[in-house]
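For reference, the chains in residue letters:
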Amino acid sequence: MAVNRKILILPGDYIGPEVVDQVRRVIDWLSDVRSVTLEVEDDYFGGAAVEAYGEPLADKTLDKAKTADAVLMGAVGGPKFDHLPRDIRPEAGLLKLRKKLDLFANLRPAMTFDALLGASSLKSEVIKGLDILIVRELTSGIYFGEPRGIEGKENERIAIDTQRYRENEIYRVAEVAFELAREREGILHSVDKENVMATGILWRDVVTNLQRDRYSDVELRHLYVDNCAMQLVREPKQFDVIVTDNMFGDILSDCASMVTGSLGMLPSASLGAPDSNGRRLALYEPVHGSAPDIAGLNIANPLAAILSFSMMLKHSLDMVEDGLLVERAVCAVLDDGMRTADITEPGATELSTDAMGDALLEKLMRMSEA
Ligand code: NAD
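All of these numbers come straight from a predicted model, not from anything done at the bench. Along each chain, residue indices are assigned from 1 in the same order as the chain's sequence is written. This being a predicted model, a pLDDT of at least 70 is required before a residue's local features are given, and a value of 80 or more before pairs of side-chain atoms are given or counted; all residues contribute to the totals for chains, interfaces and linings. In computing side-chain values, all of the structure's heavy atoms are included and hydrogens and water are not.

(A) Highlighting the overall build of the chain. On a plain count of helices and strands, the chain comes out with twelve helices and 14 strands. In this treatment the radius of gyration is a C-alpha quantity, and the globule benchmark scales as 2.2 Å times the residue count to the 0.38 power. Over its C-alpha atoms the chain spans a radius of gyration of 21 Å, differing by no more than 12% from the 21 Å that the globule rule assigns to 370 residues. The classification of residues rests on relative accessible area computed with a 1.4 Å probe and restricted to protein chains. Under 20% of the type maximum is buried, over 50% is exposed, and intermediate values are partly exposed. Counting across all 370 residues of the chain, residues that qualify as buried make up 52%. Between two residues, a contact is recorded if the distance between any of their heavy atoms is within 4.5 Å. Considering only contacts in the chain between residues 6 or more positions apart, those separated by 24 or more positions represent 74%. When the 41 basic and 61 acidic side-chain charges of the chain are each reduced to a single mean position, those positions are 3 Å apart. In this text, helices come from DSSP runs of H or I with a minimum length of four residues, and strands from runs of E with a minimum of two, each type numbered from the N-terminal end. All tallies of charge rest on Lys and Arg as positive and Asp and Glu as negative; His and the ends of each chain are not included. Here the site of a charge means atom NZ of a Lys, CZ of an Arg, CG of an Asp or CD of a Glu.

(B) Main features of the layout of surface pockets. Here a cavity is any set of points on a 1 Å grid over the protein atoms alone where a 1.4 Å probe fits but cannot get out, and a pocket is any open set with protein on both sides within 12 Å along at least 5 of 7 lines; a residue lines the site when it has an atom within 4 Å of a point. Grid points are joined across faces, edges and corners, and a volume is the space filled by probe spheres set on the points. Put simply, the largest pocket is a space of about 820 Å³. As for the largest pocket, its lining consists of 27 residues, of which Leu180, Glu183, Lys314, His315 and Val320 are closest to the centre. Of all the secondary structure elements, the ones that give two or more residues to the lining of the largest pocket are strand E4 (105-111), strand E5 (131-137), helix H6 (167-183), strand E12 (280-286), helix H10 (303-315) and helix H11 (320-335). The leading source of residues in the lining of the largest pocket is H10, at five residues. Under the scheme applied, nonpolar residues are Ala, Val, Leu, Ile, Met, Phe, Trp, Tyr, Cys and Pro; charged residues are Asp, Glu, Lys and Arg; polar residues are all the others, including Gly. Looking at side-chain class alone, the lining of the largest pocket contains twelve nonpolar, four polar and eleven charged residues. Split by domain, the residues of the lining of the largest pocket number at least three in each of domain 1 (1-118 + 261-370) and domain 2 (121-260). All domain edges in this entry derive from an automatic or database-based domain assignment.

(C) Geometry of the site of the ligand. We call a residue near a molecule or strand as soon as one heavy atom of that residue lies within 4 Å of the molecule or strand. Taken together, 21 residues surround the ligand, and among them Val76, Gly289, Ala291, Asp293 and Asn301 come closest. Taking Gly78, its main chain carries an N or O atom lying 2.9 Å from an oxygen atom of the ligand. Burial of the ligand by the surrounding chains reaches 67%, relative to a free accessible area of 810 Å². At the level of secondary structure, the elements contributing two or more residues to the shell around the ligand comprise strand E3 (70-75) and helix H4 (90-100). Grouping the amino acids of the shell around the ligand by side-chain chemistry returns eleven nonpolar, six polar and four charged. Any N or O atom pair separated by 3.5 Å or less is treated as a polar contact, with the protein-specific requirement of one donor-capable and one acceptor-capable atom, and with residues adjacent in sequence counted only for side-chain atom pairs. Under the convention used here, a 1.4 Å probe and the Shrake-Rupley method define accessible areas, while residue burial counts only the protein chains that appear.

(D) Fine view of empty space enclosed by the protein. Within the structure shown, the criterion is met by two cavities of 30 Å³ or more. In this structure, the largest cavity encloses a volume near 60 Å³. Classifying every residue of the lining of the largest cavity gives seven nonpolar, three polar and no charged. Lining of the second largest cavity is provided by Gln163, Tyr165, Val191, Asp192, Lys193, Met197, Thr199, Gly200, Trp203, Asp245 and Phe248. Of all the elements, helix H7 (residues 198-214) adds the most residues to the lining of the second largest cavity, at three residues. Along the lines of polarity and charge, the residues of the lining of the second largest cavity split into five nonpolar, three polar and three charged.

(E) Geometry of the domain arrangement of the chain. According to the domain assignment, the chain contains domain 1 (1-118 + 261-370) and domain 2 (121-260). Accessible area, probed at 1.4 Å, shrinks when two parts are joined; the buried area is that loss added up over both. Regarding the contact of domain 1 and domain 2, the summed buried area is about 2,300 Å², with carbon and sulfur atoms giving 57% of it. Here, a salt bridge means any side-chain nitrogen of Lys or Arg that lies within 4 Å of a carboxyl oxygen of Asp or Glu. Applying the counting rule to domain 1 against domain 2 returns three salt bridges. Of the charged contacts in the structure, one is a salt bridge between Asp254 and Arg108, with a shortest N-O distance of 2.9 Å. The tally of links from domain 1 across to domain 2 stands at 13 residue pairs in polar contact (both at pLDDT 80 or more).

This is the structure:
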C-alpha cells in the first residue's frame, strides 16, 4: 500500500518561488518512482501572505504547518515589504512560525563539493571532504531572555540583553545532537563559554551528564566558543557534529558555511520535539535570503533548496536512501561542470534555474536506473 506524506510548501518572496519550483519537480519525480505519495500543499507566507491575507503568517497556514509531515520554505522578505510595521514584516512571520512550532534545534550542515573547492577562501586541502553539522539551539538564550531593552538613566542609556537557559532547553537540543552524532562519526563537540558565563557552566554540566547517562558510545569534546571559531577556519575537518547555544550557533554556523564558499548551496532544517509517535514538527529552508537583486531572472541557484529537501527526506519523511540519492545527484551535476551564475567559473556550463532543475532530474533518473 502506498504511503502518504504531507508536505507544506511556503514559497515566500522574490526568488523563493523560483527555487522551490525546482524542488517540486524532484518531489513529483520521487512520487512517480517510489511507493510513497508525496502530497504537496502550498500557502502564502512572508510578504506574499501580507499581500494575500494581511499578515505574514495566517492562522490557517500555521494549522497546516502543524499537521504536515514537514514544511519547506523558500525565502521571505525584500524591499517591497521593508516599509511595513515591524510586527507584520515577513521576518516576523518566520520568527512566529519557528516559535509556534517550537523548532528548537536548528541543523546547519556545512559540506564541500569537490567541484566547488575553489569557491572557498581557504586552501582546498583544508576543506576537501568537509562535512560538518552544526546544531544550534534556536528558541532560547540571549535573543529571547528577559529582561531586555534600552533604558535611559541619568542622561546615559543602558542596553540589556539576558542570556538565560533552562536545563531542559539544553537537554533537548543536546539530545538531538547526540542522536545525529551517533548516526554519523560518533563525535560531538559541545561549544560554550563555561569559563566566564553561568549559562556555560549549566550547558556543560547538562551535556556531560546526558553523555554519561545515555550516550557513552558518543565521544564528547567540550570547547570554548572563541577556540571553536579559530579551529573552524584553521582545521575545520576535525569537526563532525557541533552543538551550541542560540547566539554562538548563529555566528559559528555562518562562519562554517562560508568555509564552503557558496551561499546558494547551503541547506538548513529546524526540528521540534518528538510527539508520542516520534514525529517531529520540522521546517526546511535554504540558508540564503530572497535575493531581490536577481528575482525573476531565472538565474537563482536552486540547489540549496533542493538540498534542504534532501534533509527533509532524511530527517522527516523516513526516506534516507532517497535523501542520499538527491545529494549524490547534486554532486554529480557539479562534477559535470554544470553551474548557475553564482557559482560559475571558467570552462563551466552556465545554466538557468530551470536548466539546473532539468540537469538534476536527468541525473536522478540515470542514477536511480543504474
Ligand atoms: P540574500 O541571501 O537574499 O542575498 C545575498 C546575495 O546572495 C545576493 O547577491 C543574492 O543575489 C545572492 N544569492 C542569494 N541566494 C542566491 C541563490 N539561491 N542563487 C544565486 N544567488 C543567490 O541576502 P540579502 O540580500 O541580505 O537579503 C535579501 C532579503 O532576504 C532581505 O529582505 C532579507 O531580510 C531576506 N532574508 C531572508 C531569509 C529567509 O527567508 N530565511 C534569510 C536571509 C535574508
